[in-house]
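Coordinate analysis (summary)
Single-letter residue listing:
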Amino acid sequence: MAVPKKKTSKSKRDKRRATWRHKAVVEAQKALSLGKSILTGRSTFVYPVAEEEEEES
């Protein structure tokens, strides 16, 4: 099992975790905003639906 050579400082660890958590918060806000706009009918964006390929026989 790989072991780090030196201990990571608490500030570096906290900075890394804060960045990761902030990304999650931003994505959650986007999802909530999209959900609200779809419910109110104001949304112009709709996820693309996978079109079924027509079989030629």
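Residues numbered from 1 in each chain as written. Predicted model: local features only at pLDDT ≥ 70, side-chain atom pairs only at ≥ 80, totals over all residues. Heavy atoms only, no water.

Under an unreviewed UniProt entry, the name given to the protein chain is Large ribosomal subunit protein bL32, and the organism recorded is Nostoc commune NIES-4072.

This part covers the overall build of the protein chain. In terms of regular secondary structure, the protein chain is built from one helix and zero strands. By the burial criterion, 2% of the 57 residues in the protein chain qualify as buried. (Helix = DSSP H or I, 4+ residues; strand = E, 2+ residues; numbered from the N terminus. Buried < 20%, exposed > 50% of the residue type's maximum accessible area, 1.4 Å probe, protein only.)

A word on helix 1 (residues 10-40). In this model, helix 1 (31 residues) spans 45 Å end to end at C-alpha, consistent with the 45 Å of a helix rising 1.5 Å per residue. Of all the 31 residues making up helix 1, one are buried; the element is thus mostly uncovered. Count one or two residues on from helix 1 and you reach Gly 41, which has phi positive near 85°. (Expected span 1.5 Å × (residues − 1).)

Before going further, it helps to spend a moment on the pattern of salt bridges. Under the counting rule described, the total for this entry stands at two salt bridges. The closest approach of N and O atoms between Arg 13 and Asp 14, which form a salt bridge, is 3.1 Å. For Arg 13, a relative accessible area of 30% translates into the label partly exposed. (Salt bridge = Lys/Arg side-chain N within 4 Å of Asp/Glu carboxyl O.)

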